[in-house]
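Understanding the architecture of this molecule
What follows is each chain in one-letter form.
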Amino acid sequence: MFINEWDKKYEQSLYELLDGYNRYLDIKLKNGKKLSYLGSNVYPPYWRSLINILLKYSEK
């Protein structure tokens, strides 16, 4: 599954919600279009793979 196939929002229901992790991902494309995704305690497919790719380009 690719990023453009992700839902725009991934969240647990209010009844399941505990303090946890919130995340926001904004991607600006060369054509000026912006893709935005958010989530709370639920992750889209291949989230960990994306993070591993991005870590290669981050400052340590």
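Read on for an overview of the structure. Keep in mind it's a predicted model, so treat the numbers as computed, not measured.

A word on unusual backbone geometry
Here tyrosine 46, not a glycine, exhibits a phi torsion of approximately 65°, which is positive. Structurally, tyrosine 46 can be placed in the loop between β3 (34-40) and α1 (47-55). Judged by relative accessible area, tyrosine 46 falls into the exposed class, the value being 55%.

Notes on the environment of lysine 9
Relative to the helices and strands, lysine 9 resides in strand β1 (residues 9-11). On the accessibility criterion, lysine 9 (48% relative accessible area) is partly exposed. Here the alpha-carbon distance between lysine 9 and valine 42, two residues 33 residues apart in the chain, equals 9.2 Å.

Some thoughts on the pairing of strand β2 (residues 22-28)
In the sheet, β2 pairs with β3 via seven bridges, with the strands oriented antiparallel. Looking across to β3, one finds that tyrosine 24 is bridged to leucine 38. Taking the residues that link successive antiparallel strands as the turn, the β2-β3 hairpin has five residues, and the phi of glycine 32 there is positive, at about 90°.

Structural notes on the side chain of arginine 23
Checked against the element boundaries, arginine 23 lands in strand β2. Every residue in contact with arginine 23, bar those within four places of it in the chain, is listed here: Tyr10, Tyr37, Leu38, Gly39, Ser40, Val42, Tyr43, Pro44 and Trp47.

Here we look at the sheet that holds β3
Think of a sheet as strands paired side by side through backbone hydrogen bonds, with each pair either parallel or antiparallel. Within the open sheet, the three strands sit side by side as β1-β3-β2. Their pairing is mixed. What marks the edges here is a single partner per strand, and that holds for β1 and β2. The mean inter-strand angle of the sheet, taken between neighbouring strand axes irrespective of direction, is 5°.

Here's the deal with the pairing of β3
As defined by bridge partners, β1 adjoins β3 across three bridges and the pair is classed as parallel. Paired with glutamate 11 across the two strands is serine 40, which belongs to β3.

Conventions we followed
- All chains use their own residue numbering, which begins from 1 and follows the written sequence.
- Only residues with pLDDT of at least 70 get local features here, since the model is predicted, and only at 80 or more are side-chain atom pairs given and counted; chain-wide, interface and lining totals rely on the full set of residues.
- Note that the side-chain values use all heavy atoms of the structure and ignore hydrogens as well as water.
- Numbering goes from the N terminus for both helices and strands, where a helix is a DSSP run of H or I of at least four residues and a strand is a run of E of at least two.
- Exposure is judged per residue with a 1.4 Å probe applied to protein chains only, and the accessible area is read against the type maximum: over 50% gives exposed, under 20% gives buried, and values in between give partly exposed.
- Criterion used throughout: strands pair if DSSP finds at least two bridges between them.
- Note on definitions: a residue-residue contact is assigned when non-hydrogen atoms from the two residues lie within 4.5 Å.
- The angle between two axes is taken between their N-to-C directions and runs from 0 to 180 degrees, where each axis is a line fitted to C-alpha atoms and a helix contributes only its stretch in contact.

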